[in-house]
Amino acid sequence: MNEAAAAMVLLAVFGWGLWSARLGRADLTAPILFVSAGLLLSTGPMPDPETTREVVRLLAEITLVWVLFADASRVGLPEFRADLGLFARLLGIGLPLTIAVGTLLAAVFFGELGFWLALLIGAALAPTDAALGAAVMSDPSVPERIRRTLNVESGLNDGIATPVVTLAIAGAAATAGSPHAAIGELAIGVAVGIGAGLVGGRAMRTARARGWASEDFAGPGVLALALAVYTGTHWLGGNGFVAAFVAGIVFGAAAGRGSVREVFYVEQTAGLASLLTWLIFGAAAVPIVIAHTDWPVIGYALLSLTVIRMLPAGLSLIGSGLPLRTIAFISWFGPRGLASIVFAMLAVEDLGPRADRAVAMIGLTVLFSVFAHGLTAKPLAARFTKHSGPPATAATGATATAAAAPGGFLSPAVDDTAEAGTTEDSPRAAARPPGAAPEPARATAGPPAGPPTGPPGSGEDATAPPGPEHAGSDRPAGVLPARGLLHRHPAHHRPDGP
């Protein structure tokens with residue numbers, strides 16, 4: 001890629017930053033636009049294919065780790081426990097059925113590939129990527145429970161499918177593989193995720209309360225923590241994707257509500273990385289996929305997005321108490337994305353040309369999913385909301401929205417003013433007459449009326465008793481997010497000050 005192509009890529013990223021909201025209203029998601037841009041770039045000179053494949057795999061892997069960590073940090077532990085039955089159905093029944101049906105149909109369609117490559121196809125296309133349904137995940141009119149279910153399913157099924165993919169690649173390469181080793185990898189991933197998330201979250205909370213942590217660098221620190229969890233888990237022989245997601249859940253709970261600031265930085269960085277991943281996928285992988293595509297491959301890709309995903313997911317949710325319309329909605333929104341790309345690149349790396357046809361099926365399914373789920377997310381979310389009516393209960397606080405993928409274009413905002421009360425930059429404060437006293441139960445931006453009880457730099461005020469939503473929180477009500485990390489909810493008012 002020459003300097004002119006690099007400049008075009010960077011301008012495309014800047015253009016998305018300018019018009020992402022407007023393009024989103026036209027149902028044009030970032031994956032759709034950047035895969036298309038990559039296809040246009042593929043007509044020019046490209047780097048060495050071996051180097052390109054390694055770049056795609058590495059970038060997709062890093063992006064997926066950040067996405068999993070950031071998504072999980074938005075899932076509150078009480079809500080996670082409350083909906084554990086739904087998650088268990090989708091992950092304990094739906095996911096294995098999806099892998100089994102996908103493997104069976106791959107063996108029927110492409111018997112010459114053998115069992116192990118058929119298993120590779122079925123397992124690599126089983127994980128979902130909630131980021132491709134951006135309009136669903138960022139639409140507050142879609143019930144929070146539905147968005148949280150899609151988010152947690154997407155976060156955990158990547159890691160659960162990884163041992164199956166590893167076993168399939170090992171079988172195709174005629175090397176050793178064991179289900180017991182796969183269970184051990186999952187256990188190590190969960191253990192490392194819990195330990196790292198707890199220690200990291202408590203350390204960040206303490207540093208924030210004592211004024212040790214700089215707001216300008218806390219975000220990059222959490223970014224590094226997510227990657228450290230992943231690489232450390234691999235070093236210990238565990239499942240890094242499971243560790244990243246579990247660490248995100250525990251970190252979000254342990255770090256307190258102030259973690260919104262640090263995790264937002266992770267989301268923004270992962271958003272940029274995902275743009276580049278989709279662009280390179282369009283430029284380097286899609287032309288190869290198209291070259292190996294025929295009618296059986298197209299037929300399997302269409303079945304993967306419909307029957308192979310929707311039938312097992314629907315069956316697993318029968319008896320859960322959800323209406324049939326909701327079950328159909330959840331079953332359809334199982335997009336294929338970054339995890340499938342990572343698995344395909346692992347197969348190419350270990351199996352070489354033997355995996356070309358299997359990789360073509362995986363790549364084509366992801367390509368179809370980018371357009372099918374990206375274009376249908378907004379209309380189907382609106383239709384679902386219209387027929388289902390408003391949510392039964394209003395969500396508040398940190399669980400007001402379920403987390404999606406990062407980078408502004410993928411994840412909903414956390415309404416921090418709803419959690420933290422009125423700030424001096426909020427519309428409520430702007431409407432207050434000059435000189436009028438602030439509302440009694442809310443923190444103010446001015447100096448406290450009494451001596452602070454917290455340590456220097458903590459900003460804790462003994463004169464303003466916290467409301468119920470602040471009980472047990474180390475974060476004062478009037479504290480804004482770190483500089484530059486503005487919330488992405490359309491109802492938020494952008495602060496005029498720095």
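These numbers were taken from a predicted model, which means no experiment stands behind them.

How each quantity is defined
Residues numbered from 1 in each chain as written. Predicted model: local features only at pLDDT ≥ 70, side-chain atom pairs only at ≥ 80, totals over all residues. Heavy atoms only, no water. Helix = DSSP H or I, 4+ residues; strand = E, 2+ residues; numbered from the N terminus. Buried < 20%, exposed > 50% of the residue type's maximum accessible area, 1.4 Å probe, protein only. Contact = heavy atoms within 4.5 Å. Areas by Shrake-Rupley, 256 points an atom, 1.4 Å probe, with all protein chains shown as cover. Salt bridge = Lys/Arg side-chain N within 4 Å of Asp/Glu carboxyl O. Expected span 1.5 Å × (residues − 1). pLDDT = per-residue confidence, 0-100. Phe/Tyr/Trp six-rings, centres within 6.5 Å; stacked < 30°, edge-to-face > 60°.

**Let's talk about the overall build of the protein**
- Each helix and strand counted, the protein has 19 helices and 0 strands in total.
- Evaluated residue by residue, the protein yields a buried proportion of 50% over its 498 residues.
- When contacts within the protein are restricted to residue pairs at least 6 apart in sequence, those whose partners lie at least 24 apart make up 83%.
- In the structure as shown, the protein presents an accessible area of about 21300 Å², 68% of it carried by carbon and sulfur atoms.

**Comments concerning the pattern of salt bridges**
- Counting across every chain of the model gives 6 salt bridges.
- The shortest N-O distance in the salt bridge between Asp83 and Arg145 comes to 2.9 Å. Remark: Arg145 occurs in helix α8 (residues 144-172) and Asp83 occurs in the loop between α4 (77-82) and α5 (84-109); sequence separation between them is 62 residues.
- Each of Asp83, Glu144, Arg145 and Arg148 takes part in one network of salt bridges that share partners.

**Regarding helix α1 (residues 3-25)**
- A rise of 1.5 Å per residue sets the reference length of α1, with its 23 residues, at 33 Å; its end C-alpha atoms lie 32 Å apart and thus fit the reference within 8%.
- Phi for Asp27, located one or two positions after α1, is positive at around 65°.

**Structural notes on the confidence of the model for the protein**
- Of the residues in the protein, 73% have a pLDDT of 70 or more, and the chain-wide mean is 75.
- For the protein, helix α18 (residues 416-420) is the element with the lowest average pLDDT, namely 39, and helix α14 (residues 307-317) is the one with the highest, namely 94.
- Under a pLDDT of 50 for its full length, residues 391-498 has, in the predicted model, 166 contacts with residues more than four places off or in other chains.

**Overview of the packing of aromatic side chains**
- All told, the structure shown has 9 aromatic pairs when counted by the stated rule.
- Ring geometry for Phe115 against Trp116: centres 5.1 Å apart, planes inclined by 65°, an arrangement best described as edge-to-face.
- Take Trp116: its relative accessible area is 34%, and that puts it in the partly exposed class.
- Between Trp278 and Phe281, the ring centres sit 5.9 Å apart and the planes meet at 85°, which makes this aromatic pair edge-to-face.

**Remarks on the environment of Val192**
- Within the element layout of this structure, Val192 appears in helix α9 (residues 179-209).
- Sequence spacing of Val192 and Gly232 is 40 residues, and the spatial spacing of their C-alpha atoms is 8.4 Å.
- When residues no more than four places from it in sequence are discounted, the contact partners of Val192 are Gly197, Val229, Thr233 and Leu236.

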